[in-house]
Amino acid sequence: MKPAGFLCKIDKLGRIVIPKPLRKKYDFDIDDTIELFTEPDGIVLKKYGMSCIFCSNSDNLTEFKGKTVCKDCLEQIKKSSD
Ligand SMILES: [Zn+2]
């Protein structure tokens, strides 16, 4: 992970404020659901539903049974069900 150039403090309720430039860059809006991903050295925030549920890829996304998946994983699903 590379630094985004912002520092945030955690308040007494465990909350942080995501700086406005980052909210704008990643299209985080009020009431959006953010999904947290764990990495060995920290946490990654992503807008929920904007990445493949299997590989976290955010390109070539499509819907499969109400879940967001990338076309590569969808191909693998199709192949494994034959
Ligand atoms: Zn995928």
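As the structure is a computational prediction, the values presented were derived from the model and not from experiment.

Caption draft 1: Expanded view of the coordination of the zinc ion. Coordination of the zinc ion by the protein involves C52 (SG), C55 (SG), C70 (SG) and C73 (SG), with metal-donor separations of 2.3 Å. For the zinc ion, the 4 donor atoms are set out with angles of 105 to 115° between them, so the coordination reads as tetrahedral. All donors of the zinc ion come from a single chain, and their spacing in sequence reads C-x2-C-x14-C-x2-C. Residue C52 is located in the loop between β2 (42-47) and β3 (61-64), and its partner C73 is located in helix α2 (residues 71-80); the two are separated by 21 residues in the primary sequence. As far as burial versus exposure is concerned, C52 and C73 are alike and both buried.

Caption draft 2: Structural view of the nonpolar core. Core analysis: the largest hydrophobic core is formed by 5 residues, namely C52, V69, C70, C73 and L74. At the level of secondary structure, the elements contributing two or more residues to this core comprise β4 (67-70) and α2.

Caption draft 3: How the structure looks around the domain arrangement of the chain. Split by domain assignment, the chain resolves into domain 1 (1-48) and domain 2 (53-82). Using C-alpha coordinates to define each centre, domain 1 is positioned 25 Å away from domain 2.

Caption draft 4: Quick peek at the side chain of S51. Topologically, S51 is positioned in the loop between β2 and β3. Excluding its chain neighbours within four sequence positions, the residues that come into contact with S51 are F37, K46, S56, N57, S58, L61 and T68.

Caption draft 5: Examining unusual backbone geometry more closely. Positive phi is not limited to glycine here, since D27 has a value of about 60°. With respect to the helices and strands, D27 occurs in the loop between α1 (20-25) and β1 (34-39). The class of D27 is partly exposed, set by a relative accessible area of 48%. In this model, S56 sits at a positive phi of 65°, which is unusual for a non-glycine residue. Relative to the helices and strands, S56 is located in the loop between β2 and β3. Under the relative-accessibility criterion, S56 is labelled partly exposed at 26%.

Caption draft 6: View of the environment of D32. Looking at where D32 falls in the secondary structure, it is placed in the loop between α1 and β1. In this structure D32 comes out as partly exposed when scored by relative accessible area, which is 27%. C-alpha separation for the pair D32 and K47, spaced 15 residues apart in sequence, amounts to 7.2 Å. Those residues in contact with D32 that lie beyond four places of it in its chain are D27 and K47. At a separation of 2.6 Å, a polar atom in the side chain of D32 contacts the main-chain amide nitrogen of D29.

Cut-offs used in this document
- Throughout, residues of each chain are indexed from 1 in the direction in which the sequence is written.
- Since the coordinates come from a predicted model, pLDDT governs what is reported: local features require at least 70, and pairs of side-chain atoms require 80 or more to be given and counted, while whole-chain, interface and lining totals use all residues.
- The side-chain values count all of the structure's non-hydrogen atoms but skip hydrogen atoms and water molecules.
- With water excluded from the atoms, a metal site may look incomplete; its donors are any N, O or S atoms within 2.8 Å, or within 3.2 Å for Na, K and Ca.
- Four donors are marked tetrahedral only if all angles between them lie between 85 and 135 degrees, whereas four are marked square planar and six octahedral if opposite donors are more than 155 degrees apart and the other angles lie between 65 and 115; the remainder are marked irregular.
- Helix and strand definitions follow DSSP, with helices as H or I runs of at least four residues and strands as E runs of at least two, each counted in order from the N terminus.
- Accessible area is worked out with a 1.4 Å probe on protein chains only. A residue is then buried under 20% of its type maximum, exposed over 50%, and partly exposed in between.
- Side-chain atoms within 4.5 Å link the members of a nonpolar core, which is a set of buried Ala, Val, Leu, Ile, Met, Phe, Trp, Tyr and Cys residues.
- Where a domain begins and ends is set by an automatic assignment or by a domain database.
- Contacts are residue-level and defined by heavy atoms, with any inter-residue pair within 4.5 Å sufficient.
- Here a polar contact means two N or O atoms within 3.5 Å. Within protein one must be a hydrogen donor candidate and the other an acceptor candidate, and residues neighboring in sequence count only if both atoms are side-chain atoms.

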